[in-house]
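# Report on the structure
Okay, here's what each chain looks like letter by letter:
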Amino acid sequence: MRIKDQPTPVPTGHPRQRGIILKICLMLMVVSCLFLTSCREEREVFEPETERITYPVFNAIRGFYLLNEGNMGSNKATLDFFCYETGIFHRNIFASANPDIPMELGDVGNDLQIYGSRLYAVINASNKIEVMDAQTARRIGQINIPNVRYIRFHGGYAFATSYAGPVSPDPTLAQIGFVAKIDTATLEVVARVYVGFQPDELEILNGKIYVANSGGYMFPNYENTLSVICLERFAEIERIEVAINLHRVRADRHGNLWVTSRGDNFNVPSRLFWVCTQTHEVGGELDIAVSNLWLAGDSLFVIGTEFNRLTMETEISFGIIDVNKKEIVSRNFITDGTEQQIRMPYGIAVNPITGNIYVTDARNHVTPGTLFSFDRYGRLRWQVRTGDIPAHFVFLTR
Amino acid sequence: MKNKQNIFPFKQFALGFFLTKILCFQAFAGYSSDTIRTHEIEGVTIVAQQHREVIPAQRLSGEKLERLNSHSVADAIRFLSGVQIKDFGGIGGLKTVNVRSMGSQHVGVFYNGIRIGNAQNGVVDLGRFSLDNIEEISLYNGQRSRILQPAKDFGTAGTIYLRTRRPRFENNKPYNIRMLFRTGSFDLINPSFLWEHRIRGWDTEQGNNTHNIASSVSAEYVQSSGRYRFRYRRVLPDGTVAWDTTAIRQNGDIQALRLEGGLTGFTERTQWQVHNYLYSSERGIPGAIVNNVWKNSQRQWDRNFFTQASLTTVVNDRYELLINAKYAHDFLRYQNPDTTLMLIDNRFTQQEIYLSFANRFSILPNWDISLATDFQWNVLDANLQNFVRPTRYTTLVALATAVEFGNVRIQASLLGTFINEQADWRGLPNILPEQQTRSAENRQELSPAIFVSYQPFAGARHVSPIRPLQFRAFYKRSFRMPTFNDLYYTQIGNVSLRPEFTTQFNLGFQYAIDMGRTTMDAEYAPFGHSRIFQGLQISADVYYNEVTDKIVAIPRGSGQFRWMMMNIGRVEIRGLDTRVETNWLLPHDIRLQAAANYTFQRAQDFSDPTDTDPRAGTWGRQIAYIPWHSGSLSLLASFRSWTFNYSFVYVGERYHNSSNIRENHERPWYTSDISIGKTFQLRRTRSGRMQYAPMSVPTFRVSAEINNVFNQQYDIVLNYPMPGTNFRIILRLDI
């Protein structure tokens, strides 16, 4: 372009001009290189974002942690904390509580529990359980278990299910699951017991561990049993046939287990079953799809998200089951119509003191989700943005 | 030297009016790429481009292509405007190209004029196409606005043509042999071999009245460990290091063999080509780096084979015919042996048969029409549970017309696509009776397009193709079919998917002048003769694109496979592509070519009207991985037998999803690559200048490249670290 301004073309061989042109070219190159390499910003450790949401409330519960799963491969499992004493929601607290831990919390959070003074976050695709101080979320240690799913505690030990047992030598590549017994003092796995294929939730009651086997990798040949493990011998003693593709198992105070089946996404719908722990037999079945649940007293709060292949739509329900009467009390515990705002309900919790209900919306699983808080009558109190796929709650007591 | 340059155009004229028209245009269209001129090379090349394109392509070809420090086609395409490359890193990593943010599945990749298909997932991995025997890469927005072309060429939103080397035989040489060996970082061993043999004719001195036939064989082997050091770090707000970790990228190894062979021939009125291609590889899939997982172990095997043939003939002054045929067989095996994840060993086999018949009729000297009919058959088989073995029959009919009124050229086309699919659900468990007959519905879609260009200042000299200024505009609506994976992948596929549509509007100009090319051209050089300043090309286009019914994976229910493909997305893209290219002949015979691209894109996600949170909402926000600003710069210098290149690629800040929050923010990255090369003549010619007779004397070329000179640590795709500084040495022998 510059040449346009020149009245006559520059003759070729003049030595001074040669030098100038070359020098300018070189200078430009050097300057642009230096400029471009010097100013790249560094990535900072995320400071938590805080939002004041509501007025402070003081009771025995300090607050709750919310584990966001993060989509697989994104390494975006994050931890949020809602503090009742300040009414402030703290988003993404793990990184700043542990600025020296490389690659933050990990990939795909799958379960969150508190035992004693410690917070345990099961990070599935990072093949580990992160052990933190429950008050500060400061890391204490890590338990490496491949493809670990859910965790429960009993008598100083943690018990965690995993999909990653030995592989059968035949071409089906079937891979048995196991329950790992972890000493919470040393954070070492001390024993393993093999159960069914792809075991998910587990529940500990009356000296036994009940494990929901899913067989989720075995499509179309799902598992359909609960494994019963004797705690004392730490060995599987029985299988209870329930339904295909079991997912969650929770014990009520009447000695019954509430077990969910995912169905097969085709013909067999998701259902809720109860199993009597005295007889080890299925007591009955309720006609409600369940993807997540929370037991508060005798009320079992359930959310159902079931995909209907014929209508190509996800059918959503928010139900309450009376575990004593074993009947559906409500199919929509949200009473003010605000359930329309929830696209993909995912996690649920109920504050045992106030009765407030928390439901998370995972939306499209790749963008931030939303936490909705309802009062005990099912009216929306507030909502707040969370991390990606908000899913697992645990209440922090004093 | 000056004489030599001038002789060849006359030779071209000697070939008759028909060829002259071709070659002059070729010289013009090729201007953007081969600025260190290769007239002699073009002179004996027979080109397929008989008719002017209304809007010329962005091209990379010849020496420039060789010198761009590129390992594959994907690397080279970074230097085109309006293009985003998704690169998962390393030599074996998947590299796909996205033109103007419409998605990589809207980009058609054509190899020697016939589209490379992938009915399974619609994506072509451009990292697999070596530049060894590729002579030219051209990118067209919309479509190649040429009148005689298969119906398929009218069908994609953006098009990339890869053209393999055409044989040329200097001084009646009976053969050309090129041996190449590359080695360097990542334990790369990459030998290749090219042998072109003149079977008959191909004698430029005596004109082209005979039937000229030549064969070509090309073979290449690549082996690399794919290992490189990468570094992730974070700082505290006060600037002190929070953590800083360095690791070696693992499981990025690759072994690949490519074999190609073909015959090509031409007479005065006919050209034909038969081409066979085989690519066989085994590679590791390095996977995402996440907390506690620094190594992955997934493997992939590919075997791609195709054979294709093409014939174009000028039957008479008014009628021209183009016939294409192809058979392709692609095998893919994906294995996950990692026991911490679901164990997988899947095999997929795709087959494709393609036939095309295109005709051009000249109604008046300045008015052509064309009718093209294509037929395609695709089938996919897999060892997945409950897989339904889909078969797709596609018929395409394209009607096009091209008119030239003085300075204005118009091409309008209408493509009809008729698709019929069958899927076999019978006998599968877990299928409701009403689902058993489900396959995607038959589809009929129309894709209209109109391309207009206006070249003022042509005046009475319209015989010359060199008109410096061109204004151009186009409109096009096109679609992509849902892929077989979208429709039928067990548990995820959705047979009720509709096609995904794109609508494009483009307005732009190009200004090109070329000094001192030939005496003829010089008449049109408004600045007169200039020795130093050799040429300039500037182009700029603004565009508005819309993608509707975008196919997006959305979660459903709570099953383990919780995704489902749905037509829910909508994206609006507003962009600007600019390009400047200049050529200089500096004192001391230093030739310099400088090119710069800049692209601005605002690609907004309008998929979810409820997601309007002022900070984290996706409504109206920039879509994943599309930077607002991106660009590249390349400086190619040569001095006698030495070459020196510097290239720079910049990709500005972007977000890895449409929620534009800090957690999803990706920093800008920019890399500088340099290379230096020297050519040795093994036997001197009289002129002593190798670059004007590249094939007549055995030459040996050594070049060394340093890529990512400043060792920038960056990810293009979240958690897929890219290599830092790496180097390559290339030895090339031409006999």
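Anything mentioned here points back to the structure above.
Please read all numbers here as calculations on a predicted model, not as lab measurements. Counting restarts for each chain: residues are numbered from 1 in the order of the written sequence. In the order they appear in the text, chains get letters beginning with A and ligands get numbers beginning with 1. The model is predicted, so local features are restricted to residues of pLDDT at least 70 and side-chain atom pairs to those at 80 or more, both for listing and for counting; the totals for chains, interfaces and linings are taken over all residues.

## A few points about the nonpolar core
Convention followed: Remark: nonpolar core denotes a set of buried Ala, Val, Leu, Ile, Met, Phe, Trp, Tyr and Cys residues whose joining runs through C-beta atoms within 7 Å. Put plainly, a residue is buried at 20 or more neighbouring C-beta atoms within 10 Å of its own, exposed at 12 or fewer, and partly exposed in between, counting only other residues' C-beta atoms, which are placed from the backbone. We count a stretch as a helix when DSSP gives it H or I for four or more residues in a row; a strand needs E for two or more, and each element gets its number in order from the N terminus. Residues are treated as contacting if the C-beta atoms built from their backbones sit within 7 Å of each other.
Ala121(A), Ile129(A), Ala160(A), Val179(A), Leu226(A) and Val259(A) are the most contacted members of the largest nonpolar core, which totals 95 residues. Considering every element that reaches this core, the biggest residue donor is strand E6 (residues 118-123) of chain A, with 5 residues. In this view, Leu226(A) contacts Tyr210(A), Val211(A), Ala212(A), Arg239(A), Ile240(A), Val242(A), Leu246(A), Val249(A), Val259(A) and Val275(A); residues no more than four positions away in its chain are not counted. Counting residues in hydrophobic clusters, the runner-up holds 41 residues, among them Leu68(B), Leu126(B), Tyr354(B) and Ile623(B).

## Some thoughts on the pairing of strand E4 (residues 88-91) of chain A
Residue and element names in this part refer to chain A. So the rule is basically this: If DSSP finds at least two bridges between two strands, the strands pair.
Of the pairings in the sheet, the one linking strand E1 (residues 49-52) to E4 comprises 4 bridges and is antiparallel in character. Looking at E4, one finds that Arg52 is bridged to Ile88. With 3 bridges joining them, strand E3 (residues 78-83) and E4 adopt antiparallel strand pairing. Directly across from Phe81, in E4, lies its bridge partner His90. Between E3 and E4, which follow one another and run antiparallel, lie 4 residues, and Gly87 among them has a positive phi close to 75°.

## Some points on the sheet that holds strand E17 (residues 246-251) of chain A
Residues and elements named next belong to chain A. Let me state the cut-off plainly: In this description, a line fitted to the C-alpha atoms serves as the axis of each element, helices being fitted only across the stretch in contact, and the angle between N-to-C directions of two axes falls anywhere from 0 to 180 degrees.
Taken in spatial order, the 4 strands line up as E17-E18-E19-E20 in an open sheet, and their pairing is antiparallel. Looking at strand neighbours, the two that pair on one side only are E17 and strand E20 (281-286), the edges of this open sheet. Neighbouring strand axes in the sheet, compared pairwise and without regard to direction, differ in orientation by 25° on average. With 4 bridges joining them, E17 and strand E18 (residues 256-261) adopt antiparallel strand pairing. By the bridge assignment, Leu246 is partnered in E18 with Ser261.

## Digging into the sheet that holds E4(A)
All names here are of chain A. Overall, antiparallel pairing links the 5 strands, which are arranged E1-E4-E3-E2-E29 in an open sheet. At either end of the open sheet lies a strand with only one pairing partner, and these are E1 and strand E29 (390-397). Averaged over all adjacent pairs, the angle separating strand axes in this sheet is 20°, with direction ignored. Note: strand E2 (residues 61-68) against E3, 6 bridges, orientation antiparallel. Residue pairing for E3: Tyr65 is matched across the bridge by Phe81.

Honestly, that's just the spatial picture; any functional story needs more than this.
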